[in-house]
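# Results of the structural survey
Here's the letter readout for the chains.
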Amino acid sequence: METKLTLVSAQAGYGKTTALSEWARQCGRPAAWISLDKYDNDWSAFWGGVLASIRERFPRFGESIGFLIEPESAASIDTAVSALLNELNTIEGDFVLILDDYHVIESAPVNEAVRYLLAYLPPHVHLYIASRTELPFPTARLLAKGEVNVIRVEDMRFELEEGVVFFRETTDLSLSEKQVAELFRQTEGWVSGLQLAAISLKRSGNIADTISQFNGRQRHISDYLMEEVFGHLAASLREFLLATSVLRRMNWEMCLAVTEKADSQDQLEQLEQLNLFIVPLDDQRQWFRYHHLLSDFLQQLCAREHTEMWRQSHRRAAVWYETQALYEEAVEHYIKAQQADDAVRLIDRIMLDFMPLKGNVLLRWIASLPESSYAHKPAFQLYYISKSLMDGEWDQGLHRAEQAEKRFEAMKAFLPESDWQQLMGNLYYLSGILAYLQQNLTLSSAYFELVEQYLPESSSFQMSSSKRYLGHEGFMDMLSLTRDLRESERFQLKWIKTWEKKKNFPFVGYFYITYCLLLYEWNRLDEAELYVGQAVSREDLRTNVWIWIQIGLISSWVQRAQGRSGQAAIEALDDLGFSIDSPDRKVIWKRIRSEQARLLLSQGQPQQAYERLAQSGMSYLDEVTTRYLEEYLIMARVLAANDRIEDAQLLLGQLERLAEKEWRLRGRIKLKIVQSMVLRQSARPHEAFAPLGIALRISEPAGYIRSYLDEGPIMIEMLSELLIEQQAAVQSSLPLKYVQLLLEAAGSGSDASKPFLANEALTEQEEKVLDLLAEGFLYKEIAARLNIALDTVKFHMKNVYRKLEVNNRTQAIERVKRHRQRD
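This section reports on the structure supplied with the text. (Residues numbered from 1 in each chain as written. Predicted model: local features only at pLDDT ≥ 70, side-chain atom pairs only at ≥ 80, totals over all residues. Heavy atoms only, no water.)

Our next topic: helix α1 (residues 16–26). Among all positions of α1, only Lys16, Thr17, Leu20, Ser21 and Ala24 are buried. Take α1 and look down its axis: the buried residues cluster within an arc of 115 degrees, on one side only. For α1, the exposed residues lying more than 90 degrees away from the buried face are Thr18, Arg25 and Gln26. At the exit of α1 stands Gly28, carrying a positive phi of roughly 80 degrees. (Buried < 20%, exposed > 50% of the residue type's maximum accessible area, 1.4 Å probe, protein only. Helix = DSSP H or I, 4+ residues; strand = E, 2+ residues; numbered from the N terminus. Arc of directions from axis to C-beta.)

Below, the structure is given as structure tokens:
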């Protein structure tokens, strides 16, 4: 009770569970216990079990953190576990949490979460872990601090003197010290081996011969002794053991259901009296489980030599669980009983409830069933496809969708027309997203056309409400999905126009985000502002936290680029954060604090920017991830602006190593730009041109502008020097016209050599619109003065921008003024 962690690490049969259970009964503190098995090797199942075990001691524990068991929480471990830690802090006095059989947990997110939990565990909470293997996460730091109590095999195994006491006080055997020593040599003090030996020797006619037959390591001894023990039991008890071996835990009622024997309670009591590796799970001794050694032996024997009993026992267990509304356990047994039809029937019944929290379980079930068993259940196939989408397995998902389309076509004659239309519409909706994520915009558009034909009111797979900020990583950087941004522009605009009139269609929010980001990157700020305004006015987008946050951030960028940022913009970001109801608040505020720091930096307040960034809890020493790319790039800028160049470069070095593995085009461009900014402010400013040159070469085809302009005067200065230097060079490998374009967009370049209205003159109406705009009139006022529609004004301005080759009203007015002055 003086350490954070007690680890009991030993192979099967050394008494880990026995020691912990006896200690828990005697420690005098509330203890929550969870016996883990392979079905808990999943984020939702694991944390659901942990919360349930704690609630047995504290019934109202964790009512406010139900999101912990949602699969999306695995994407933000620090946020999820921090919420659990806050709840643990509300427990008064010492509290014990025991995780038994932790070796079954292979899930990387679960292991990382337990590591994080341990690092910040409150001093009054103590974690006990029993495992057959070493922990899959480092504990050296805790060990060095004296915060880990490790109990290993050498501590658990019996000494010879203890073995003598064991045989003398728990058995009727009269063994010589030499015979006990021989058993110890064979079993190496292995407690279960000694216990099995004692059971076997009681039935032996020649103890000396029996002892001499023991050989090999634990596995061989246990197999041999199990066969010896099992073979000497009464036939009725052997049959009972084999039939009930399929149960993870049992009471007399479950045993009755599986064996159909009225004496099930008597059989359980007899097993206890025989001390035959049966473990009580409660103080009333109503619930039991078999020791893992016995369970493994019985299940292997039953499945191998008693196939019909194996299937029948699973089938009976499934029926009993289903009658008790324990559907997850029922499905597991139906699958093992090879009752595919019943498994499909039950999965179909619970699918909608399981999809949000136990998607991995559903997927495992469906994958374990023959496809022919659910060919008539299209929801199974749609779910499989949607899981491929969320898991990033886009090739596999689209392949499955193409196969499903053929099956669904064949179902047309057997389904009501409306049901079949909905089925096909949902399929095409998922297919359209998958094709989009695979950069095939033509195919994606074709699928969305079919959605409009079959399901014009939207797919049921479209979430109308989502409080989660996490889980949208596939949509984080859509500009990087294609190098042909002109094609992307046409695609985005087409579907915004198609869906903008629909009232409950939050999926359109992803398109608004990408299109506004594209317009912003191209410095078409007025258009970006227009579409951001459209998105903000949609009530349905407010129901999706991630979409709403992204729209708010883009709005902030546009305002800053138009020179309207300041304290009001920082307060607007605060309002955005406070308006959000989400379990991912910590991640959201990390994003918002970073954006506020960037605003403060652009206003020449580097110290205030650093202080604001510090509120996010980030550090340049963090283990960086792609999810927080923008935040860490902002941190590097802020560190450099505060003369912490080495810290900034250390952080950028981590990001560079990560970029080689995971980042798309836009992320690499931004990284190179920030690297050049930091070098420019270092003692080696001329080295800044190397990463800047790389950024220019890879961003020129896409025509990125704001990624450079947003860096402010330092970047403009570098671009100007680079242009002068490269123009004087004999041969340049850099896109100099692109550099000149960037300088012109920043107002620093010269356009004297560029013919004004070289290709196309403004119409008379466009001239009138531009003149009124120059006088300060708003679009609505211009429409009223010229007696034309507001959309017509917008149409004329779009043509003006194109003809003048500018991106906003300020540039257009300035361009015309300079031209008229020359005239």
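Read across the open sheet, the 5 strands follow the order β2-β3-β4-β1-β5; overall the sheet is parallel. Two strands bound the open sheet, and with one partner strand each, they are β2 (31–35) and β5 (148–151). Mean inter-strand twist for the sheet, computed between neighbouring axes without regard to direction, equals 15 degrees. Bridging between strand β1 (residues 5–9) and strand β4 (residues 125–131) involves 5 bridges; their strand directions are parallel. (Pairing = 2+ DSSP bridges. Axes fitted to C-alpha atoms, helices over the stretch in contact; angles between N-to-C directions.)

A few words now on the packing of helix α16 (residues 307–323) against helix α17 (residues 327–336). One way to put it is that α16 packs onto α17 with a least axis distance of 8 Å and a crossing angle of 160 degrees. Here α17 runs roughly antiparallel to α16, going by the angle between their axes. The handedness of the crossing between α16 and α17 comes out as left-handed. On α17, the residues touching Trp310, His314, Ala317, Ala318, Val319, Tyr321 and Glu322 of α16 are Tyr327, Glu329, Ala330, His333, Tyr334 and Lys336. Residue composition of the contact of α16 with α17, by class: 8 nonpolar, 2 polar and 3 charged. (Parallel < 35°, antiparallel > 145°, perpendicular 65-115°, else oblique. Left-handed = near helix turned anticlockwise from the far one by under 90°. Contact = heavy atoms within 4.5 Å. Nonpolar A, V, L, I, M, F, W, Y, C, P; charged D, E, K, R; others polar.)

Take the packing of aromatic side chains next. Within the structure shown, the criterion is met by 34 aromatic pairs. Note on Tyr428 and Tyr454: the rings are 5.6 Å apart at their centroids and 50 degrees apart in plane angle, and the pair reads as tilted. Placement of Tyr428 in helix α22 (residues 417–437) and of Tyr454 in helix α23 (residues 441–454) is noted, with a sequence separation of 26 residues between them. By relative accessible area, Tyr454 is classed as buried at 15%. Residues Tyr515 and Tyr531 carry aromatic rings whose centres are separated by 5.1 Å and whose planes lie at 85 degrees to one another, so their mutual orientation is edge-to-face. Linking Tyr515 in helix α25 (residues 508–521) with Tyr531 in helix α26 (residues 525–536), this pair joins segments that are 16 residues apart in sequence. Exposure remark for Tyr515: the relative accessible area of 1% places this residue in the buried category. Taken together, the ring pairs in this structure connect Tyr429, Tyr436, Phe448, Phe491, Trp495, Trp499, Phe505, Phe507, Tyr510, Phe511 and Trp546 into an aromatic cluster. (Phe/Tyr/Trp six-rings, centres within 6.5 Å; stacked < 30°, edge-to-face > 60°.)

This is a description of form; function is not addressed.
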